[in-house]
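Residue-level structural notes
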Amino acid sequence: QVQLVESGGGLVQPGGSLRLSCAASGFFFKRYAMSWYRQAPGKERELVATITSTGGSTNYADSVKGRFTISRDNAKNTVYLQMNSLKSEDTAVYYCNVDPITRATIIGFRSWGQGTQVTVSS
């Protein structure tokens, strides 16, 4: 059974930094590209960043490019999101999961973890 446990969120001032972690279990982690998503109040969940299975390539939403960095440690079955220069519009609940195409294809990845709340406010 797929389990995704996000952590590291919190309250931070604009311009600050946070590092999110996602511990994965129940599937062969190193085989899959992984993504971070976020959902702000009253908005749809959106894709933030994706990293390939080996970590050799990454992609980012335009809104976070140059500020966020996704990485992974396949030995620890963990994916990270380093967030710098945070803005109020980054306030959301952040979730990890496999990349969107895989998630749409494999039913076992349809559910979400509890997410971690990031609030950017002075």
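Given the structure is predicted, the values throughout are model-derived calculations rather than measurements. Every residue gets a number counted from 1 within its own chain, in the order that chain's sequence is written. Where totals are concerned, whole chains, interfaces and linings use all residues; where local detail is concerned, this predicted model gives features only for residues with pLDDT of at least 70, and gives and counts side-chain atom pairs only at 80 or more. Note that the side-chain values use all heavy atoms of the structure and ignore hydrogens as well as water.

Notes on the sheet that holds strand S7 (residues 68-73)
Using the following cut-off: In this scheme, strands are said to pair when DSSP sees at least two bridges between them. Going along the chain from the N terminus, every DSSP run of H or I of four or more residues is numbered as a helix, and every run of E of two or more is numbered as a strand. Geometry is summarised by axes, namely lines fitted to C-alpha atoms with helices restricted to the contacting stretch, and by angles between N-to-C directions that run from 0 to 180 degrees.
Spatially, S1-S3-S8-S7 is the arrangement adopted by the four strands of the open sheet, whose pairing is antiparallel. A single partner strand is all that each edge strand has here, and the edge strands are strand S1 (3-7) and S7. The sheet shows a mean angle of 15° between the axes of neighbouring strands, taken without regard to direction. The pairing of S7 with strand S8 (residues 78-83) spans six bridges and is antiparallel. Note that in S8 the partner of Ser 71 across the bridge is Tyr 80.

Brief notes about the environment of Lys 87
Under the convention used in this document: Classification of residues uses two cut-offs on accessible area relative to the type maximum, computed with a 1.4 Å probe and protein chains only: under 20% is buried, over 50% is exposed, and between them is partly exposed. Should any heavy atoms of two residues lie within 4.5 Å, those residues are counted as being in contact.
Its location among the elements puts Lys 87 in the loop between S8 and strand S9 (92-98). With relative accessibility at 37%, the residue Lys 87 sits in the partly exposed group. Not counting residues up to four positions away in its chain, the partners in contact with Lys 87 are Arg 67 and Val 120.

Digging into the sheet that holds strand S10 (residues 116-120)
Note: strands within a sheet are paired through backbone hydrogen bonds, in either parallel or antiparallel orientation. Taken together, the six strands give an open sheet; going across it, the order is S2-S10-S9-S4-S5-S6, and neighbouring strands pair in mixed fashion. Strands with a single pairing partner mark the edges of an open sheet, and in this sheet they are strand S2 (10-12) and strand S6 (58-60). Here the average twist between neighbouring strands, direction ignored, is 25°. In this structure, S2 lies alongside S10, joined through three bridges in parallel fashion. The residue bridging Gly 10 from the neighbouring strand is Val 118, located in S10.

Regarding the packing of aromatic side chains
For clarity, the threshold we go by: Stacked, tilted and edge-to-face are the three classes assigned to paired rings of Phe, Tyr and Trp, where Trp is represented by its six-membered ring and a pair needs centres within 6.5 Å; plane angles under 30 degrees give stacked, over 60 edge-to-face, the rest tilted.
Evaluation of the coordinates by the stated rule reveals six aromatic pairs. Ring geometry for Phe 27 against Tyr 32: centres 5.8 Å apart, planes inclined by 65°, an arrangement best described as edge-to-face. Exposure remark for Phe 27: the relative accessible area of 16% places this residue in the buried category. What makes Tyr 32 buried here is its relative accessible area of 17%. Seen in terms of ring centroids, Tyr 37 and Trp 112 are 5.0 Å apart; in terms of plane orientation they differ by 80°. Their pairing is edge-to-face. Highlighted residues: Tyr 37 in strand S4 (residues 34-39) and Trp 112 in the loop between helix H1 (100-105) and S10, separated in sequence by 75 residues. Three or more aromatic residues joined by ring pairs make a cluster, and in this case those are Phe 27, Phe 29, Tyr 32 and Phe 109.

Some remarks on the environment of Met 34
When you line up the elements, Met 34 lands in strand S4. Along the backbone, Met 34 and Val 5 are 29 residues apart, and their C-alpha atoms lie at a distance of 13 Å.

Thoughts on the state of the cysteines
Filter applied, for reference: Criterion for a disulfide: a pair of cysteine sulfur atoms at a distance within 2.5 Å.
With the rule as written, the count across this model stands at one disulfide. The residue that forms a disulfide with Cys 22 is Cys 96, at a sulfur-sulfur distance of 1.7 Å. Here Cys 22 is found in strand S3 (residues 18-25), whereas its partner Cys 96 is found in strand S9, with 74 residues between them in sequence. Residue classification places Cys 22 among the buried residues on the basis of a relative accessible area of 0%. You can call Cys 96 buried: its relative accessible area is 0%.

Structural measurements only, silent on function.
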